[in-house]
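Tertiary structure, described
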Amino acid sequence: MSQQKEVTIYDIARQLDISAATVSRGLKNHDSVNKATRKKIQDLAKELGYRSNTFASSLRRKSTNTIGVIVPRLSSYFMSNVIAGMENIASAEGYNLIITQSLETVKKEIANADTLFNSRVDGLLVSLSFETENIDHFEPFIKKGIPLIFFDRIKQHSQCMGIVIDNYKAAYDATKHLLDNGYRRIMHIGGSTVSHVYAERLRGYKQALQDYKIAPDPKLVLTKNMSEEAGVESARYILKMKHLPDAVFSANDACAVYCMRTLKKEGIRIPGDIAFVGFNNDPMSKVVEPNLTTINYPGYAMGEAAATQLINHLNGVTNLTATNIIILRSELIVRASSPKKR
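Thresholds, definitions, all that
- Residues numbered from 1 in each chain as written.
- Predicted model: local features only at pLDDT ≥ 70, side-chain atom pairs only at ≥ 80, totals over all residues.
- Heavy atoms only, no water.
- Helix = DSSP H or I, 4+ residues; strand = E, 2+ residues; numbered from the N terminus.
- Rg over C-alpha atoms; globule rule 2.2 N^0.38 Å.
- Areas by Shrake-Rupley, 256 points an atom, 1.4 Å probe, with all protein chains shown as cover.
- Axes fitted to C-alpha atoms, helices over the stretch in contact; angles between N-to-C directions.
- Parallel < 35°, antiparallel > 145°, perpendicular 65-115°, else oblique.
- Left-handed = near helix turned anticlockwise from the far one by under 90°.
- Contact = heavy atoms within 4.5 Å.
- Nonpolar A, V, L, I, M, F, W, Y, C, P; charged D, E, K, R; others polar.
- Phe/Tyr/Trp six-rings, centres within 6.5 Å; stacked < 30°, edge-to-face > 60°.
- Buried < 20%, exposed > 50% of the residue type's maximum accessible area, 1.4 Å probe, protein only.
- Disulfide = S-S within 2.5 Å.
- Pairing = 2+ DSSP bridges.
- Right-handed = clockwise from strand over helix to strand, strands pointing away.
- Core = buried A, V, L, I, M, F, W, Y, C linked by side-chain atoms within 4.5 Å.

If you check an unreviewed UniProt entry, the protein appears there as LacI family transcriptional regulator from Sediminibacterium roseum.

1. Regarding the overall build of the protein
Scanning the protein from terminus to terminus reveals 12 helices and 12 strands. Computed over C-alpha atoms, the radius of gyration of the protein comes to 26 Å, more than 25% over the 20 Å expected from 2.2 N^0.38 for 342 residues, which places it beyond the range of a compact globule. For the C-alpha atoms alone, the extent of the protein along its principal axes is close to 85 × 40 × 35 Å. Carbon and sulfur atoms make up 49% of the accessible area of the protein, which totals about 17,400 Å².

2. Description of the packing of helix 5 (residues 77-92) against helix 12 (residues 299-314)
Two numbers describe how helix 5 lies on helix 12: the axes approach to 6 Å, and their chain directions differ by 40 degrees. The angle between the axes of helix 5 and helix 12 places the two elements in the oblique class. Here helix 5 and helix 12 pass one another in a crossing that is right-handed. Residues Phe78, Asn81, Val82, Ala84, Gly85, Met86, Asn88, Ile89 and Ala90 of helix 5 lie in contact with helix 12, whose contacting residues are Gly299, Tyr300, Met302, Gly303, Glu304, Ala306, Ala307, Thr308 and Ile311. Per-class residue counts for the contact of helix 5 with helix 12 are 11 nonpolar, six polar and one charged.

3. Re the packing of aromatic side chains
All chains considered together, the criterion is met by seven aromatic pairs. Relative to Phe141, the ring of Phe117 lies with its centre 5.3 Å away and its plane at 80 degrees, an arrangement referred to as edge-to-face. Of this pair, Phe117 sits in helix 6 (residues 106-118) while Phe141 sits in helix 7 (residues 139-144); the two residues are 24 residues apart in sequence, bridging distant segments of the chain. Residue class for Phe117 comes out partly exposed when judged on its relative accessible area of 25%.

4. So, unusual backbone geometry
At the junction of Ile270 and Pro271, the peptide bond is cis and its omega measures out at 10 degrees in the coordinates. In this fold, Pro271 is placed in the loop between helix 11 (253-265) and strand 9 (275-277). Backbone torsion omega between Glu289 and Pro290 reads -5 degrees, so that peptide bond is classified as cis. Within the secondary structure, Pro290 is located in the loop between strand 9 and strand 10 (294-296). In this structure, Met226 is a non-glycine residue whose phi angle is positive, near 65 degrees. If you trace the backbone, Met226 turns up in the loop between strand 7 (221-223) and helix 10 (228-239).

5. Quick notes on helix 1 (residues 9-16)
Helical geometry: 3.6 residues make up each α-helical turn, so side chains three or four residues apart lie on a common side. Among the residues of helix 1, those classed as buried are Ile9, Asp11, Ile12 and Ala13. Each element contacted by the buried residues of helix 1 is listed here: helix 2 (20-27) and helix 3 (35-48).

6. Structural notes on the state of the cysteines
Working definition: the covalent bond between the sulfur atoms of two cysteines is a disulfide. Scanning the entire structure with this criterion turns up zero disulfides. There is no disulfide at Cys259, and the cysteine sulfur nearest it, in Cys255, is 6.5 Å away.

7. Digging into the pairing of strand 3 (residues 123-126)
Where burial is concerned, the two faces of strand 3 agree: the one with Gly123 and Leu125 and the one with Leu124 and Val126 are both buried. As paired elements, strand 1 (residues 66-71) and strand 3 share four bridges and run parallel to each other. The partner of Val69 across the bridge, within strand 3, is Leu125. Bridge analysis of strand 3 against strand 4 (residues 148-151) gives three bridges, and the strand direction is parallel. Across the sheet, the residue bridging to Val126 is Phe150, located in strand 4. Read as a crossover between parallel neighbours, the route from strand 3 over helix 7 to strand 4 is right-handed.

8. Some remarks on the nonpolar core
Membership of the largest hydrophobic core comes to 73 residues, with the highest contact counts inside it found for Met86, Leu125, Phe151, Ile163, Leu263 and Phe276. Per-element accounting of this core gives the leading share, seven residues, to helix 5. Setting aside chain neighbours within four positions, we find Ile163 in contact with Ile149, Phe150, Phe151, Asp152, Ile154, Met302, Ala305, Ala306, Gln309, Ile326 and Leu328.

9. Quick look at the sheet that holds strand 8 (residues 247-250)
Strand order in this open sheet of four strands is 7-6-8-9, and the pairing throughout is parallel. The open sheet terminates on both sides in strands that have one partner only, identified here as strand 7 and strand 9. Across the sheet, the axes of successive neighbouring strands diverge by a mean angle of 15 degrees, strand direction being ignored.

10. Some points on the sheet that holds strand 2 (residues 96-101)
Spatially, six strands are ordered 2-1-3-4-5-11 in an open sheet, and the strand pairing comes out parallel. Each edge of the open sheet carries a strand with a single partner, namely strand 2 and strand 11 (325-328). Averaged over neighbouring strand pairs, the angle between their axes works out to 20 degrees when direction is ignored. Against the sheet, helix 6 makes contact with strand 1, strand 2 and strand 3, and its axis sits at roughly 180 degrees relative to strand 1, the strand it touches most.

11. Things to note about the pairing of strand 2
Sheet analysis places strand 1 next to strand 2, joined by six bridges and oriented parallel. Bridge pairing in strand 2 places Val71 opposite Gln101.

Pasting the structure below:
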């Protein structure tokens, strides 16, 4: 089957016996072309299957009106909220998002960065993968002066803004809540401390214990990939322990919920035997029984803030290097999984 020839503005001009410049203006709904002619041009363009060559146009304007986004996983409730916030701002400002996911691997993240660079995006919004230890693969953007903002999982760079919550304080508050309620043998399930996010959550957990004169026990700190499967694995680890923890603080809700479910199947009472606190305020935290105490993490607001800062920079309103880190507020939501210890 032969491929149909791409329709150009010259084909439309020839059929309507007008200039290509008039066709171009008519397709853009320009007032210099009268309404009747504009309608003829647009109707014929639709009939012939004309497609605007946005790539060629963007080369002339040196702008594509697109923003690249790299996230660890699109399936995450938190990330879907972040993207919704970005889309709200970007759409209102006339920008489109090109969204990619690293699937938590640095190899895929590098490939995504390369694709977005070659797609000539105007700017880039990135939440780093679980594996990412350095950000050398983003140097082509930085050298070209293409603005880059890291959000949630960040690496600090003098020419890149970071948008986060105070993960240290949120983790401290979550752990202190358990301590205030009488729990002393508190386990922490967290991610790799290569990530700024999980390193800060671990630091907050340890500091709360130290403030209560409790030495952190290495056996009560698990490093996982924070998936649902990691929750099941954590529960199995707990069940094999000689002295069970009396509480668990998990660095996300999915891991906490699946850990709780697995323990309950083995006869562990939640919160009677082990209390739980999660992180993210995922919808599953309100469905699991008992409802999970968690940290409310403003994903939509983070997405809006990231897109706003990037577009303001592109419009010359702000300079990303002027403020390196923006910290958004979070809050502890107390539910039935962490009552006062009897």
